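Observations on chain architecture
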Amino acid sequence: MKLIATQKHRGDFEPLHATPSSQAAMMTLAPGEATSESSDNEHAWAEQWLYVVQGEGEVKGKKKLALRPGSLLLIEKGEPHIIKNTGTVPLVTLNVYTPPAYDDDGEPLWQP
C-alpha cells in the first residue's frame, strides 16, 4: 500500500504517479476545449480508464458518448478518440493508463 501526495492540479494534463504497470493522471479541459482536432489521439499499447470528476463533455471515437460527473469510460488499446468539454465549467477527469502512456512531463511514451 502506498499513499501518493500529489500537488494541486496545475495544468490541462498532469501525470500524477506511475508504476511499471499503470499510471494515474488528471486532465482538465476548459469549456469548448478538446484533446485534439482529429481522432488521431490513441494509445496503441495502453488502455485508458477515464472517470469524470466535474463537468460535462463528450467522447468521439467508434461511437459518440456523453460524459457527466460519475461517468467511467474505458478506451481500449489503439482506439482513436477525442474528448471535448461541452459544458460551461471545466471538465475534470481522473485517468488510469495500463501500462503507462505518458512520461512525467505529459509527453506520450512510445511503445513498440
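In what follows, the structure referred to is the one given above.
A brief report on the enclosed structure follows. What you are looking at is a predicted structure, and each value in this text was computed from that prediction instead of being measured. (Residues numbered from 1 in each chain as written. Predicted model: local features only at pLDDT ≥ 70, side-chain atom pairs only at ≥ 80, totals over all residues. Heavy atoms only, no water.)

Let's talk about the overall build of the chain
Each helix and strand counted, the chain has zero helices and eight strands in total. Taken over the C-alpha trace, the chain has a radius of gyration of 13 Å; the compact-globule value for 112 residues is 13 Å, and the two agree within 12%. Expressed along its principal axes, the backbone C-alpha trace of the chain runs to roughly 35 × 30 × 20 Å. Each of the 112 residues in the chain was classed as buried or not, and the buried ones make up 35%. (Helix = DSSP H or I, 4+ residues; strand = E, 2+ residues; numbered from the N terminus. Rg over C-alpha atoms; globule rule 2.2 N^0.38 Å. Buried < 20%, exposed > 50% of the residue type's maximum accessible area, 1.4 Å probe, protein only.)

Thoughts on the nonpolar core
Judged by nonpolar contacts, Met27, Leu29, Leu50, Val52, Val59, Leu67, Leu73, Ile75, Ile83 and Leu91 together constitute the single largest core of ten residues. If you list the elements that add at least two residues to this core, you get strand S2 (23-29), strand S3 (47-54) and strand S6 (72-75). For isoleucine 83, the residues in contact, after removing those within four places along its chain, are Met27, Leu29, Glu33, Ala34, Thr35, Leu50, Glu58, Val59, Leu67, Leu73, Ile75 and Leu91. Formed by six residues, the second largest nonpolar core is a distinct cluster that contains Ala25, Trp45, Ala46 and Tyr97. (Core = buried A, V, L, I, M, F, W, Y, C linked by side-chain atoms within 4.5 Å. Contact = heavy atoms within 4.5 Å.)

Overview of the pairing of strand S5 (residues 64-67)
In this structure, strand S4 (residues 57-60) lies alongside S5, joined through four bridges in antiparallel fashion. Residue pairing for S5: valine 59 is matched across the bridge by leucine 65. Hairpin remark: S4 followed by S5, antiparallel, with three residues in the connecting loop. (Pairing = 2+ DSSP bridges.)

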